[in-house]
Amino acid sequence: MSTTFDPALVAELAGQVSGSVLGPRDAGYESARAVHNGLIDREPALIVRCRTTCDVVAALDFAHRAGLEISIRGGGHNVAGRAVTDGGVMIDLAEMKGIAIDPDEATATAEGGVIWAELNDAAAQYGLAVTGGAVSGTGIAGYTLGGGLGWLMAKYGLAADNLLAVELVTAEGDVLHVDAACHSDLFWALRGGGGNFGVATSFTYRLHPVQTIVGGLIAHPIEDAPELLRFYRNEVAEASDNLTVFAGLVHAPDGSGTKLAALVVFHTGDPAEAEHDLAPFKTWGSPLLVEVGPMPYPVMNTILDAGFPARSLNYWLSSFTRGLPDELIDIAAERFAAVPSSMTAILLEHFHGAVTRVGVTETAVPHRDQGWNLLIPSVWTDEADTEANIAWSRETYAAMRPHFGSGRWLNYLGDDQAEDAIRAAYGPNYDRLVEVKRRYDPDNVFHLNHNITP
């Protein structure tokens, strides 16, 4: 998509920013426009690779004067790929990598281009941590604005629950310090309302003492999947805040295509408590693999990375379930038997503990019930297989739908999700989010997201 604009404006912008300004013919443009999901192939008219908040302000001003659409790229990991505009200006925060840890106050302040691997490692130097992405290459920005689920959510809540402050550039180019005392309505909305309200250039988090955890993978033959998932459902019913277990139907990581039923376990308690709580999961049935042991928290956040390689083709569907009944388990096992890609999984993410003790309206994240989010992350590499993989995903989702609840996890919504899915992600907080949107972005400048229409 070609867009013409005054070259004098581009030259003026290039002179204002400390980062780089890239057009389609410039070196680095192709790599800068690429995001994690290889299905996304959009061409911005201009990419502004910002290094400072002032760069962001200048980029917004340029886009406004040129009359161009705006998209915001943080880590570029979001499956919907809405970080990339077609023919507009992409404000790219990938080079904004500043991280400051205050061990005395147990806080971290990180800029919008930081990914979780970087923040995890920085905080771990002081024996501290916060809920981070289960895949370490995920950017902190979109992840946190969308809620931020992860291994520590049962112990300490979502990333959004641990957010203390945000530096935000508004559509008007104002730079706001947003926290519980300043712009409290906006602070509420940023904790789960996505990228609807401005460009978040830095985040300040509350940290917690987390150093060595006990975690890892347990795998069983796929034939045992129905019984394993029934055992799992019953065993986690009384799980403590220290224990988180996700379950899934997956493929062996060796590329053989072997299907497995698997558990991913995580424990933050002392070694004796961890051994007691994890023993039932380690000894049930006849596991093919039990790789569970002590490890640094940042390592735990990398154990699923290999399943989501950069530029692979991704199509995801998800929903919170109404429990985990036998029928849903049986449907999952039946559908997985016909999965077309050896990279695809069906995953169950268990919500309990601290994440469920926050009120539905305390933040913009409404999903506070104990239970499961079911995710179907379809992943493949050959474009010729796209139609088959998307069709399988949709058919599988439709087969499971009678067992779904009303909630949807915001950051798992794809690029083709209908308005009702977006409303389901915001739940009963949608109307209040609309009010905040009208106050801070009445013209819907920031609309390349799971949009809240003002």
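See the structure shown above.
Please read all numbers here as calculations on a predicted model, not as lab measurements.

Caption draft 1: Inspection of empty space enclosed by the protein at higher detail. Evaluated as defined, the whole model comprises 1 cavity of 30 Å³ or more. Estimated volume of the largest cavity: approximately 60 Å³. Secondary-structure elements contributing two or more residues to the lining of the largest cavity are strand S13 (243-251), helix H11 (326-336) and strand S17 (346-351). Residues of the lining of the largest cavity, tallied by class, amount to 9 nonpolar, 1 polar and no charged.

Caption draft 2: Here's a closer look at the sheet that holds strand S1 (residues 20-22). Strands sit in the order S1-S2-S4-S3 across an open sheet of 4 strands; the sheet is mixed. With partners counted over all chains shown, the strands left at the sheet margins are S1 and strand S3 (70-73), one partner each. Across the sheet, the axes of successive neighbouring strands diverge by a mean angle of 20°, strand direction being ignored. Here 4 bridges tie strand S2 (residues 46-49) to strand S4 (residues 89-92), and the two strands are oriented parallel to one another.

Caption draft 3: Looking closely at the pattern of salt bridges. According to the stated counting rule, one finds 22 salt bridges in the structure shown. Between Arg-439 and Asp-185 there is a salt bridge, with its nearest N and O atoms 2.2 Å apart. Within this pair, whereas Arg-439 is found in helix H14 (residues 430-440), its partner Asp-185 is found in helix H7 (residues 184-190), the two being separated by 254 residues in sequence. Residue class for Asp-185 comes out buried when judged on its relative accessible area of 18%. For Asp-330, the salt bridge goes to Arg-230, with nearest N and O atoms at 3.0 Å. Within this pair, whereas Asp-330 is found in helix H11, its partner Arg-230 is found in helix H8 (residues 225-235), the two being separated by 100 residues in sequence. Judged by its relative accessible area of 15%, Arg-230 is buried. Among the charged side chains, a network of salt bridges with common partners joins Arg-49, Arg-51, Arg-73, Asp-92 and Glu-95.

Caption draft 4: Fine view of the side chain of Asn-389. The topology assignment puts Asn-389 in helix H12 (residues 386-400). Accessibility expressed as a relative area gives 2% for Asn-389, which makes it buried. In contact with Asn-389, other than residues within four places in its own chain, are Pro-340, Ser-341, Thr-344, Ser-378 and Trp-380.

Caption draft 5: Seen up close, the sheet that holds strand S5 (residues 99-102). Read across the sheet, 5 strands follow the order S5-S6-S10-S8-S9 without closing on themselves; strand pairing throughout is antiparallel. Each edge of the sheet is formed by a strand with only one pairing partner; in this case those strands are S5 and strand S9 (175-179). Strand-to-strand, the axes of this sheet are offset by a mean angle of 15°, without reference to chain direction. Sheet analysis places strand S8 (residues 163-169) next to strand S10 (residues 199-206), joined by 6 bridges and oriented antiparallel. Looking across to S10, one finds that Ala-165 is bridged to Thr-204.

Calculation notes
Residues numbered from 1 in each chain as written. Predicted model: local features only at pLDDT ≥ 70, side-chain atom pairs only at ≥ 80, totals over all residues. Heavy atoms only, no water. 1 Å grid on protein atoms, 1.4 Å probe; cavity = no way out; pocket = protein on both sides within 12 Å on 5 of 7 lines; lining within 4 Å. Points joined across faces, edges and corners; volume = space filled by probe spheres on them. Helix = DSSP H or I, 4+ residues; strand = E, 2+ residues; numbered from the N terminus. Nonpolar A, V, L, I, M, F, W, Y, C, P; charged D, E, K, R; others polar. Pairing = 2+ DSSP bridges. Axes fitted to C-alpha atoms, helices over the stretch in contact; angles between N-to-C directions. Salt bridge = Lys/Arg side-chain N within 4 Å of Asp/Glu carboxyl O. Buried < 20%, exposed > 50% of the residue type's maximum accessible area, 1.4 Å probe, protein only. Contact = heavy atoms within 4.5 Å.

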